[in-house]
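The primary structure of each chain is shown beneath.
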Amino acid sequence: MERTVTPRVKICCISSIEEAWTAICCGASALGFVSTMPSGPGVISFELIAEIAAAVPPPIATFLLTCSQDANEIIEQLKYCRTNTVQICDRLEFGSYQDIRNALPGISIVQVIHVSTEESIKEAIALAPHVDAILLDSGNQSLLVKELGGTGRIHNWNLSAKIRELVDVPIFLAGGIKPENVALAVKQVGPFGLDLCSGVRSDGKLDPDKLKCLFQELKSCI
């Protein structure tokens, strides 16, 4: 996919309606809500996800982050939470992406790939025809307690850039992005979207000043 000069911004780990509106007012075009995960920050209940998602205005994308590897379980989660996008943070092992599409027409599917080696490129190429976007993150699925996001670590952006060049779906870049390095991320990878959590928070809370700084830095990329 072609390089994006001014990427969209998704703010993840949203935990309240107030945080959602803070992100939106600063310029976010997408919000991420973290359901049950084996590790990492920002986990909230399905009930709270549904409540916040219902308060988000239609132009904003709402992402349900799930660690489920079962399409039928993901479908039930989406029916309850009523987000317009699902972010599958682990590999789908049971059922298929098409099962999700058949059950919930109009839902956008974003598959996370945790970038580590050249194998991540092959994985992205294989999955791209079946999903609406790919999110490149810095987790580790091989650990006893899996890391499926929220690590705050930067992975190999050279691999991410190769993936962006080789697939025909939008790429979101996650992992350790913050105002201080966002311009470099855009220059090196050219993603369609950026995904941030810890980089725009202070003491775990969304920081309006860091958000404003982030969007100011993005303007310098134009």
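In what follows, the accompanying structure is described. Note that the structure is a prediction, hence the values are computed from the model and not measured.

1. Remarks on the side chain of Gln77
Counting through the fold element by element, Gln77 comes out in helix α3 (residues 71–81). Residue Gln77 is classed as buried on the basis of its relative accessible area of 12%. Excluding residues within four positions of it along the chain, Gln77 makes contact with Phe46, Leu64, Thr66 and Ser68.

2. Quick word on the packing of helix α5 (residues 119–127) against helix α6 (residues 157–166)
Following both chains from N to C, one finds α5 and α6 inclined at 25°, their axes separated by 10 Å at the closest point. Compared by their axis directions, α5 and α6 come out roughly parallel. Crossing angle aside, the handedness with which α5 passes α6 is right-handed. Together, Ser120, Ile121, Ala124 and Ile125 of α5 and Leu159, Lys162, Ile163 and Leu166 of α6 make up the contact between the two elements.

3. A few points about unusual backbone geometry
Backbone geometry places Cys13, a non-glycine residue, at a positive phi of 65°. In this structure, Arg82 is a non-glycine residue whose phi angle is positive, near 60°. By secondary structure assignment, the location of Arg82 is in the loop between α3 and β4 (85–88). Residue classification places Arg82 among the exposed residues on the basis of a relative accessible area of 69%.

4. Topic: the pairing of strand β2 (residues 30–34)
Counting buried positions along β2 yields five of five residues, so the element is predominantly enclosed. Covered by surrounding structure in β2 are Ala30, Gly32 and Val34 together with Leu31 and Phe33, the residues of both alternating faces. Regarding the hand of the β-α-β motif, the stretch spanning strand β1 (residues 8–11), helix α1 (residues 17–26) and β2 is right-handed. Inspection of the sheet shows β2 paired to strand β3 (residues 61–66) by five bridges, in the parallel sense. Bridge assignment links Gly32 to a residue of β3, and that residue is Phe63. Once you follow β2 into helix α2 (residues 46–54) and on to β3, the crossover reads as right-handed.

So, how was this worked out
- Residues numbered from 1 in each chain as written.
- Predicted model: local features only at pLDDT ≥ 70, side-chain atom pairs only at ≥ 80, totals over all residues.
- Heavy atoms only, no water.
- Helix = DSSP H or I, 4+ residues; strand = E, 2+ residues; numbered from the N terminus.
- Buried < 20%, exposed > 50% of the residue type's maximum accessible area, 1.4 Å probe, protein only.
- Contact = heavy atoms within 4.5 Å.
- Axes fitted to C-alpha atoms, helices over the stretch in contact; angles between N-to-C directions.
- Parallel < 35°, antiparallel > 145°, perpendicular 65-115°, else oblique.
- Left-handed = near helix turned anticlockwise from the far one by under 90°.
- Right-handed = clockwise from strand over helix to strand, strands pointing away.
- Pairing = 2+ DSSP bridges.

On their own, these measurements won't tell you what the molecule is for.
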